[in-house]
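Residue strings, one per chain:
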Amino acid sequence: MQNQGNIIRYELEAHVFDWEIAPGKTIQAWGYNNQIPGPVLHANVGDTLIVTLKNNLPEPTTIHWHGLRIPAKMDGTEEVQGAVMPGESFEYQLEVKDAGTFWYHPHKNETVQMERGLYGAMVITAAEEPVFDEERILVFDDMKLDENLEFTKPSWWLPRWRERHDGRQGDVRLINGKQEPTLSMAAGQIERWRLVNAASARYLKFSLQGKSFQIIGTDGGLLEYPVDATEILITPGERVELAVGPFQEGEQFEIQSLPYKHGTTRKEKIESFATVNITDYQASKAAFPIRMRVIEPLATRDAQPTREVHLQVGPSLKNGINFMINKHQHLHDRPVKVGELQIWDIYNDMMMDHPFHLHGFFFQVLEINGKSPDYLAWKDTVNLPPLSKARIAWMPDDRTGMWMYHCHILEHIEAGMMAHFEVQA
Ligand code: C2O
Ligand code: CU
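Here goes a summary of the coordinates provided. (Residues numbered from 1 in each chain as written. Chains lettered and ligands numbered in written order. Predicted model: local features only at pLDDT ≥ 70, side-chain atom pairs only at ≥ 80, totals over all residues. Heavy atoms only, no water.)

Further remarks concern the overall build of the protein. Scanning the protein from N- to C-terminus turns up three helices and 31 strands. For the protein, the C-alpha radius of gyration of 21 Å lies close to 22 Å, the compact-globule estimate for 425 residues. Per-residue burial for the protein yields a buried fraction of 57% across its 425 residues. Expressed as a percentage of contacts within the protein between residues at least 6 apart in sequence, the contacts between residues at least 24 apart total 76%. Total accessible area on the protein is roughly 17,200 Å²; 50% of this is exposed by carbon and sulfur atoms. Across the protein, the centroid of the 41 positively charged side chains sits 4 Å from that of the 58 negatively charged ones. (Helix = DSSP H or I, 4+ residues; strand = E, 2+ residues; numbered from the N terminus. Rg over C-alpha atoms; globule rule 2.2 N^0.38 Å. Buried < 20%, exposed > 50% of the residue type's maximum accessible area, 1.4 Å probe, protein only. Contact = heavy atoms within 4.5 Å. Areas by Shrake-Rupley, 256 points an atom, 1.4 Å probe, with all protein chains shown as cover. Lys, Arg positive; Asp, Glu negative; His and termini not counted. Charge placed at Lys NZ, Arg CZ, Asp CG, Glu CD.)

Put into structure tokens, the structure is as follows:
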């Protein structure tokens, strides 16, 4: 079934507004259409989304469509688009090519705009999708609020250094804009959960208190086969799709983030994001094939690398610490050519983890520290543990123009761990 390609229009108005994260607990948030997250944008593969961004914020903004394979000029970064000034609008045209879970967020003053709530999910569906009883989108975030529920930045040197180094992590944990909500799910059902980590810096080691689930998709859509798991690490920027259930009537469990040491000064502990109550039984109609998709490998592990990318740290007189790529903050990296397979060795030269994100193109991880990943997947964000090396493969198609790659910890982008480069004809 070939989709004729509908045109779907959305309007996103970026505002400052009051948002209730929990009963009686209201913050002054920034968000799209007076809600956190912004509306879920739905489309089918082949459709064109026309999204008008209206900026009612007190400062310039843009929207980046994280994971979408769109033309460079729609990517929302400073190299391809003048920021949308307060009171102005911009129309994005996005022809969607891939089924999966994506998300959108500003690429301007990210540490403020995204922290305060400017982000939203996108669901792109294929003509044929596995059948589940229910589908849920769970967008994870945390906010760092002071005792007046305000987003203050630390003023003392050490806490400022810490936020720049660790990334901003808060104790207000949100799913879909609500603090530790209670969700209910019918017994006997199998649901498709689409998870997005929209937090500034939090490493979400997702768990359902030890209950098992199946991983069915990642950043770039479905996997080939479902993978059984009881936990999965979701770094800032990443998406994961799960098949969850069936459970028994009366069961109750938490959606938790387990401790994951990643080289920050923060004390890691088990933290709850939500409680799930299992209600009355309903028979399941879920049906998903054993083999969900074919993913052709782009290259083998011994492919010859075409580029080295080093994630590094350096001293800064003003801030104590800078984050760099190949010895530069805000690097302008060498161009790549359309049709030339890219094999990049990404080195993390530091003692902390970084989630590496490539704009506009999916890659395959060939190996991390000499070991193949557990399953083949299309990714746009991959975690690099301390002193590690990941070899990735990706193909620049004909979408020429300026693109980016960077660490998805927002404070690290700000501190320089990002690069622009050109895809040339
Ligand atoms: Cu969600 Cu440049 O990234
Ligand atoms: Cu980083």
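Before going further, it helps to spend a moment on the coordination of the copper ion (ligand 2). Coordination sphere of the copper ion (ligand 2), protein contribution only: His354 (ND1), Cys407 (SG) and His412 (ND1), at 2.0 to 2.1 Å. Mapping the donors of the copper ion (ligand 2) onto the primary sequence gives the spacing H-x52-C-x4-H. Taken as a pair, His354 in strand β26 (residues 354-358) and Cys407 in strand β30 (residues 401-407) lie far apart in primary sequence, 53 residues in all. Taking relative accessible area as the criterion, His354 reaches 0% and is therefore assigned buried. Its relative accessible area of 1% is what places Cys407 among the buried residues. (Donors = N, O, S within 2.8 Å, 3.2 Å for Na, K, Ca; no water.)

Bringing the pattern of salt bridges into the picture now. This model, assessed by the stated rule, comprises 31 salt bridges. Between Glu251 and Lys211 there is a salt bridge, with the nearest N and O atoms lying 2.5 Å from each other. Separated by 40 residues along the polypeptide, Glu251 in the loop between β18 (239-244) and β19 (252-257) and Lys211 in the loop between β14 (204-207) and β15 (213-218) bring together distant segments of the chain. On the basis of relative accessibility, which here comes to 23%, the residue Lys211 falls in the partly exposed class. The closest approach of N and O atoms between Asp345 and Lys389, which form a salt bridge, is 3.7 Å. Residue Asp345 is found in strand β25 (residues 342-348), and its partner Lys389 is found in strand β29 (residues 389-394); the two are separated by 44 residues along the sequence. (Salt bridge = Lys/Arg side-chain N within 4 Å of Asp/Glu carboxyl O.)

The next point concerns helix α2 (residues 157-166). Buried within α2 are the following residues: Glu163, Arg164, His165 and Asp166. The elements touched by buried residues of α2 are β22 (322-325) and α3 (410-414). One or two positions beyond α2, positive phi appears at Gly167, with a value near 85 degrees.

Let's shift gears to the sheet that holds strand β2 (residues 25-32). A sheet is described by the order of its strands in space; here four strands give the open sequence β2-β1-β4-β6, paired in mixed fashion. Two strands close off the open sheet at either side, each with one partner strand: β2 and β6 (89-95). Going from strand to strand, the sheet's axes swing by 30 degrees on average, the running direction of each strand aside. One ladder, built from eight bridges, connects strand β1 (residues 7-22) with β2; its direction is antiparallel. When the bridges of β2 are listed, Val16 appears paired with Trp30. (Pairing = 2+ DSSP bridges. Axes fitted to C-alpha atoms, helices over the stretch in contact; angles between N-to-C directions.)

This next bit is on the packing of aromatic side chains. For the structure shown, the criterion picks out 21 aromatic pairs. Centre to centre, the rings of Tyr203 and Tyr260 are 5.6 Å apart; their planes meet at 5 degrees, and the pair counts as stacked. Taken together, the residues Tyr203 in the loop between β13 (191-197) and β14 and Tyr260 in the loop between β19 and β20 (271-281) connect sequence positions 57 residues apart. With relative accessibility at 2%, the residue Tyr203 sits in the buried group. Judged by its relative accessible area of 18%, Tyr260 is buried. Measuring from centroid to centroid gives 5.4 Å for Trp344 and Trp394, while their planes differ by 85 degrees, and the two rings are edge-to-face. Separated by 50 residues along the polypeptide, Trp344 in strand β25 and Trp394 in strand β29 bring together distant segments of the chain. (Phe/Tyr/Trp six-rings, centres within 6.5 Å; stacked < 30°, edge-to-face > 60°.)

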